[in-house]
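# Architecture at a glance
What follows is each chain in one-letter form.
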Amino acid sequence: MSFSTLSEVPSTLWLPLSALQAYRFCPRQSALIHNEQIFDENLYTLRGRLEHERVHEEGFEIKGQTHLHRGLRLFHDDLGIHGVADLVEITYQDQQITSIFPVEYKYGRRKREEHDDIQLAAQALCLEFMFRLSVPLGAIFHISSHRRRDVSIDADLRRSLFDTIHALRQMLLSQKTPPPAADQRCRLCAQADSCLPFASKKLREHRSSLQHPIE
Ligand code: SF4
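Residues numbered from 1 in each chain as written. Predicted model: local features only at pLDDT ≥ 70, side-chain atom pairs only at ≥ 80, totals over all residues.

### Structural notes on the overall build of the protein chain
- Counting its regular elements, the protein chain contains seven helices and seven strands.
- When its helices and strands are written in sequence order, the protein chain yields β-α-α-α-β-β-β-β-α-β-β-α-α-α.
- Here the protein chain holds 215 residues, and 29% of them are scored as buried.
- Residue pairs in contact within the protein chain that sit at least 24 positions apart in sequence constitute 65% of those at least 6 positions apart. (Helix = DSSP H or I, 4+ residues; strand = E, 2+ residues; numbered from the N terminus. Buried ≥ 20, exposed ≤ 12 C-beta atoms within 10 Å, placed from the backbone. Contact = placed C-beta atoms within 7 Å.)

### Focus on helix α1 (residues 17-25)
- Among the nine residues that make up α1, eight are buried, leaving the element largely enclosed by the rest of the structure.
- Looking only at α1, the buried set comprises Leu17, Ala19, Leu20, Gln21, Ala22, Tyr23, Arg24 and Phe25.
- Where α1 is buried, its residues touch β1 (15-16), α2 (27-34), β4 (81-93), α4 (114-131) and α5 (155-174).

### Re the confidence of the model for the protein chain
- Across the protein chain, pLDDT averages 87, with 85% of residues at or above 70.
- Looking over the protein chain, one finds the lowest element-wise mean pLDDT in helix α3 (residues 43-56), namely 68, and the highest in α4, namely 97. (pLDDT = per-residue confidence, 0-100.)

### Describing the site of the ligand
- Around the ligand sit 13 residues, and of these Cys26, Pro180, Cys186, Cys189 and Cys195 come closest.
- Only α2 and α6 (192-195) provide two or more residues apiece to the shell around the ligand.
- Ranked by residue count, the leading element in the shell around the ligand is α2, at three residues.
- Here the residues of the shell around the ligand are counted per class, giving nine nonpolar, two polar and two charged. (Near = placed C-beta within 6 Å. Nonpolar A, V, L, I, M, F, W, Y, C, P; charged D, E, K, R; others polar.)

### A look at the nonpolar core
- Residues Leu20, Ala121, Ala122 and Ile165 are the most contacted members of the largest nonpolar core, which totals 40 residues.
- Elements with a minimum of two residues in this core: α1, α2, β3 (66-76), β4, β5 (96-106), α4 and α5.
- It is α4 that contributes the most residues to this core, eight residues altogether.
- If we skip the residues at most four places from it in the chain, leucine 20 touches Leu15, Ile118, Gln119, Ala122, Thr164, Ile165 and Leu168. (Core = buried A, V, L, I, M, F, W, Y, C linked by C-beta atoms within 7 Å.)

### Focus on the environment of glutamate 89
- The topology assignment puts glutamate 89 in strand β4.
- With 16 C-beta atoms counted inside 10 Å, the residue glutamate 89 sits in the partly exposed group.
- Distance from glutamate 89 to valine 103, taken between C-alpha atoms, is 7.8 Å for residues 14 residues apart in sequence.
- Not counting the four nearest positions on each side in its chain, glutamate 89 is found in contact with Thr66, Leu68, Phe101 and Val103.

### A look at α5
- With 20 residues, α5 should reach 28 Å at 1.5 Å per residue; the first-to-last C-alpha distance of 29 Å fits that figure.
- Of the surrounding secondary structure, the elements contacted by the buried residues of α5 are β1, α1, α2, β4 and α4.
- Downstream of α5 by a residue or two, glutamine 175 has a phi angle that is positive, lying close to 60°. (Expected span 1.5 Å × (residues − 1).)

### Looking at the pairing of strand β7 (residues 147-152)
- Sheet analysis places strand β6 (residues 137-142) next to β7, joined by six bridges and oriented antiparallel. Paired with histidine 142 across the bridge in β7 is arginine 147.
- Counting the residues in the hairpin turn of β6 and β7 gives four residues, including histidine 146, whose phi is positive at 50°. (Pairing = 2+ DSSP bridges.)

### Brief notes about the packing of α1 against α2
- Where α1 meets α2, the axes come as close as 5 Å, and the angle between the chain directions of the two elements is 140°. Classified by the interaxial angle, the pair formed by α1 and α2 is oblique. Here Ala19, Ala22, Tyr23 and Phe25 of α1 lie close against α2, whose contacting residues are Pro27, Gln29, Ser30, Ile33 and His34.
- Classifying every residue of the contact of α1 with α2 gives six nonpolar, three polar and no charged. (Axes fitted to C-alpha atoms, helices over the stretch in contact; angles between N-to-C directions. Parallel < 35°, antiparallel > 145°, perpendicular 65-115°, else oblique.)

Here it is in structure tokens:
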């Protein structure tokens with residue numbers, strides 16, 4: 001099923017923005033965290049969490065015409081999503097808002113990751129809902145390389161976000177945990193010790209071979 005407009009997406013279960021990012025990275029990771037309440041940490045998530053705790057501290061600063069809001073709480077009643085933005089830059093002219101620009105901080109070097117873009121798009125749509133203004137652009141700030149990557153919140157990314165919201169909600173409502181990816185994603189995944197991706201995959205293959213023996 002694919003969704004082109006916001007009004008087509010049913011919202012029966014509130015979803016955290018971080019769950020959308022996790023689902024896009026690996027659906028099983030999202031199910032382990034949000035269905036089974038298993039949350040392990042490794043060096044990468046610990047570094048990321050400490051950086052996020054620093055930038056998530058609520059704060060407000062004015063730079064010229066732009067107000068910088070840190071740790072801003074976000075929500076979208078129609079989509080049923082909520083979370084916290086690391087940084088939102090709101091620019092004013094003659095006391096009118098002229099632009100709203102979300103910035104998500106990510107640990108690591110500058111590179112495009114679709115799951116990060118989905119999380120940023122979800123923030124943008126929350127801001128559009130809250131301020132009733134268009135948010136066509138945002139950015140990912142890569143902490144290790146201190147480089148910012150602009151992301152266009154275009155029609156394709158919005159469609160992809162709607163599909164992700166629907167798929168994640170369906171998965172959480174079903175209470176089913178998808179099979180492991182068992183690929184290169186697992187090397188960096190903090191849930192690997194609980195997930196046992198390669199052992200689980202082998203077990204499934206073994207069970208399947210018992211059900212469908214080669215004649
Ligand atoms: S270890 Fe691999 S399969 Fe398991 S949750 Fe992480 S990425 Fe997904």
